[in-house]
2 protein chains.
Amino acid sequence: MLAALSLTIPALAKDVAMKTAKTMPELIKASSPADWRPLNPENTLYLELDKGRVVIELAPDFAPQHAANIKTLIREGYFDGLAIVRSQENYVVQWADPDEKRELKTAKKNLEPEFTVPYSAQLPFTRLPDADGYAPQVGHANGFAAGRDPKTGRAWLAHCYASVGVARGNEANSGSGTSLYVVTGHAPRQLDRNITLVGRVMQGMELLTTLPRGTGALGFYEKPEQRTPIVAMKVAADVPEAERSKLEIIRTESATFKAIVAAQRNRGGEWYKVPAAYIDLCNVPLPVRQQKN
Amino acid sequence: MLAALSLTIPALAKDVAMKTAKTMPELIKASSPADWRPLNPENTLYLELDKGRVVIELAPDFAPQHAANIKTLIREGYFDGLAIVRSQENYVVQWADPDEKRELKTAKKNLEPEFTVPYSAQLPFTRLPDADGYAPQVGHANGFAAGRDPKTGRAWLAHCYASVGVARGNEANSGSGTSLYVVTGHAPRQLDRNITLVGRVMQGMELLTTLPRGTGALGFYEKPEQRTPIVAMKVAADVPEAERSKLEIIRTESATFKAIVAAQRNRGGEWYKVPAAYIDLCNVPLPVRQQKN
């Protein structure tokens, strides 16, 4: 095969050794078990497709009501047998009830928006050193890219690649989790504070991004047979332990993560000639790996 | 099918009517023929795949030597029968000679880098009003997202979704166009000024983004049969006029484009509740449409 360094460009997560500091791969290699946290099965969702599993982590710190309602929908079987109804190039993939006929049981049909939440010292927040055009402050809280505004005391999840959100109509309270979307393109940050984000895809993005694009308005599929069936959606805690995806994510409050951000802001090594001395929020890697302990 | 406004989120290019100003679709509808320019067949490349055509516009203002060498490679049949050898999730798709055996004819094997170029008043530049973390100034020149630095008098293309670049090894002059890549994920702006960009995909991104991801290092395909064959690469000027893709792009120096940027910086309408009052360079839409005149 083509030699990895022959006429190639480095992978975001696979830069060659830096001249002056450790690279992200080196920092990950040197990390301690305490730098990682396993996904909490009660906050982890599986979107099961014929071709595999998409693993989603919920962010109840930012959308407690929506996270709870989505788990209720899942546990009442709402999504099983539904479909991915939309794939729009450089924007989102979305799933829902194509026929809009499925009945709700105890899950709520509408929820008050959780576009932003109050933040407190209890919510860890590792700030990025640089300015961001979309928020007064940006950084990471419990592994999620977020913005916050000290003037209002509010925080919110940012729309980055792999973010998972709750589709809604024009009314702010018209969403409840019966239709979810995943960002599959360049970060549409203009959606921040306009729609409720509930989490992020931790594994399986390629199962969504390689789907054929819908040819209808907004990238909706025009024919039922073009849709991708949802085998089931499950809460990881309800899946036998042996069948769970055992993943762990870097602790974004750890010194290792801060060192990774510093390394990514100034890529070194033999390949890079001009370090950016900057990193935008949605370019910050959030390493996820198979659980080691 | 699912009603477009039922539990959905707006398309980047399909926002509902703004309360206070025209939306992008309205501005495009109201645009005059003079707001658009056709692609120049001498600067337009076709990457022909079994499933369709990817249309690329070269940016000779920013990479004259590389643009010329790529056209020479194409006209000498260098790419015909080669393959897409790499697809890395949220990063790039890349094509090259998988066997690295193809001989060059008159095309150059190496070129001095064109990471940045001097800029002059001859190069139109429509600045964005906002700060950018990766460049002192950002905006658009002849339809391409670019950065520039008044202190050095240099300008460069920015790595946005659909940008086309020249793969290289560790040496700055180790690329020449025999291997090209297209950005298929969140803008990897840290590559700016580190590698020569030569243009942008104008049509057919979905033919690249839906390719299976490579499972080897850096997203390279591990087996020959996983690669996507390149039927041919052609310069549009060498294709019979009846077989050309007749596209036109908004003139980024036009008042219509400036109005589009203003509209996208502050999305209004019934759906948006909080306008961003900002847009990052790679979120600025660059409308392309079938040529009308």
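Keep in mind it's a predicted model, so treat the numbers as computed, not measured.

Enquirer: Would you explain the interface of chain B and chain A in this entry?
Expert: Think of interface size as the accessible area that goes away when the parts come together; that is how it is often given. Taken together, the contact between chain B and chain A spans 72 residues of the former and 72 residues of the latter. Around 6,500 Å² of area is buried between chain B and chain A when both sides are counted, 58% of it from carbon and sulfur atoms. Summed over the shared surface of chain B and chain A, the result is zero salt bridges. Linking chain B with chain A are 25 residue pairs in polar contact (both at pLDDT 80 or more), by the criterion used here. Counting residues per element, the ones that place at least two in the side of chain B that touches chain A are β4 (83-87), β5 (92-96) and α3 (205-209) of chain B. Counted by class, the side of chain B that touches chain A contains 39 nonpolar, 18 polar and 15 charged residues.

Enquirer: What is the right way to read the relation of the copies chain B and chain A from this model?
Expert: Each of the two copies of the chain can be brought onto the other by a rotation about an axis and a shift along it. Overlaying chain B with chain A gives an RMSD of 0.0 Å, the required rotation being 180° about an axis along which the chain moves by 0.0 Å. Taken together, the rotation angle and the small translation identify this as a two-fold axis. When the interface residues of chain B are mapped onto chain A, 100% of them are again interface residues, pointing to one common binding face.

Enquirer: Can you walk me through the state of the cysteines in this structure?
Expert: Covalent bonding between the sulfur atoms of two cysteines defines a disulfide. Residue and element names in this part refer to chain B. Summed over the entire model, instances satisfying the criterion amount to two disulfides over all chains. Each disulfide pairs two cysteine sulfurs, and for C160 the partner residue is C282, the sulfurs being separated by 2.0 Å. Across the S-S bond of C160 and C282 the torsion is about -70°, and the bridge reads as left-handed. Taken as a pair, C160 in the loop between β10 (154-157) and β11 (163-166) and C282 in the loop between α4 (255-265) and β17 (288-290) lie far apart in primary sequence, 122 residues in all. Neither C160 nor C282 differs from the other in exposure class; each is buried.

Enquirer: I tried to follow the pattern of salt bridges on my own but got confused; where do I start?
Expert: As a working rule, side chains carrying opposite charge can pair if their charged atoms are close by. One pass over the structure, following the stated rule, counts 20 salt bridges over all chains. Note that R189 of chain B is salt-bridged to D192 of chain B, the shortest N-O span being 2.6 Å. For the pair R189 of chain B and D192 of chain B, a shared accessibility class is recorded, and that class is buried. Via salt bridges that share partners, E42, K71, R75 and D238 of chain A belong to a single interconnected network.

Enquirer: Would you mind showing me how to read helix α2 (residues 64-75) of chain A here?
Expert: All names here are of chain A. End to end, α2 covers 17 Å across 12 residues, agreeing with the expected 16 Å (1.5 Å per residue, within 8%). Those residues of α2 that sit buried are H66, A67, N69, I70, K71, L73 and I74. Looking at the buried residues of α2, the elements they touch are β2 (44-49), β3 (52-58), β11 (163-166), β12 (180-183), β13 (197-203) and β15 (232-235). Directly beyond the C-terminal end of α2, a positive phi value near 75° is found at G77.

Enquirer: Help me understand the UniProt feature "domain: PPIase cyclophilin-type" (unreviewed entry) in chain A, please; the structure alone is not making it clear to me.
Expert: As annotated by UniProt and renumbered to match this structure, "domain: PPIase cyclophilin-type" (unreviewed entry) occupies residues 52-235 of chain A. The span residues 52-235 of chain A is 9% helical and 31% strand by assignment, and the distance between its end C-alpha atoms comes to 16 Å.

Enquirer: Help me out: how do you make sense of the pairing of strand β8 (residues 137-141) of chain A in this one?
Expert: Look at any regular strand and the pattern is simple: side chains alternate between the two faces of the sheet. All names here are of chain A. Counting buried positions over the five residues of β8 gives five, a clear majority of the element. With burial as the criterion, each face of β8 is covered, one bearing Q137, G139 and A141 and the other bearing V138 and H140. The sheet contact formed by strand β7 (residues 126-127) and β8 spans two bridges and is antiparallel. By the bridge assignment for β8, T126 is matched with H140. Counting the residues in the hairpin turn of β8 and strand β9 (residues 144-149) gives two residues, including N142, whose phi is positive at 50°.

Scoring rules and cut-offs
- Residues numbered from 1 in each chain as written.
- Chains lettered and ligands numbered in written order.
- Predicted model: local features only at pLDDT ≥ 70, side-chain atom pairs only at ≥ 80, totals over all residues.
- Heavy atoms only, no water.
- Contact = heavy atoms within 4.5 Å.
- Buried area = accessible area lost by both parts, 1.4 Å probe.
- Salt bridge = Lys/Arg side-chain N within 4 Å of Asp/Glu carboxyl O.
- Polar contact = N/O pair within 3.5 Å; in protein donor to acceptor, adjacent residues only side chain to side chain.
- Helix = DSSP H or I, 4+ residues; strand = E, 2+ residues; numbered from the N terminus.
- Nonpolar A, V, L, I, M, F, W, Y, C, P; charged D, E, K, R; others polar.
- Least-squares fit on C-alpha atoms with pLDDT ≥ 70 in both.
- Disulfide = S-S within 2.5 Å.
- Buried < 20%, exposed > 50% of the residue type's maximum accessible area, 1.4 Å probe, protein only.
- Expected span 1.5 Å × (residues − 1).
- UniProt positions renumbered as here; feature names shortened; annotations may be inferred.
- Pairing = 2+ DSSP bridges.

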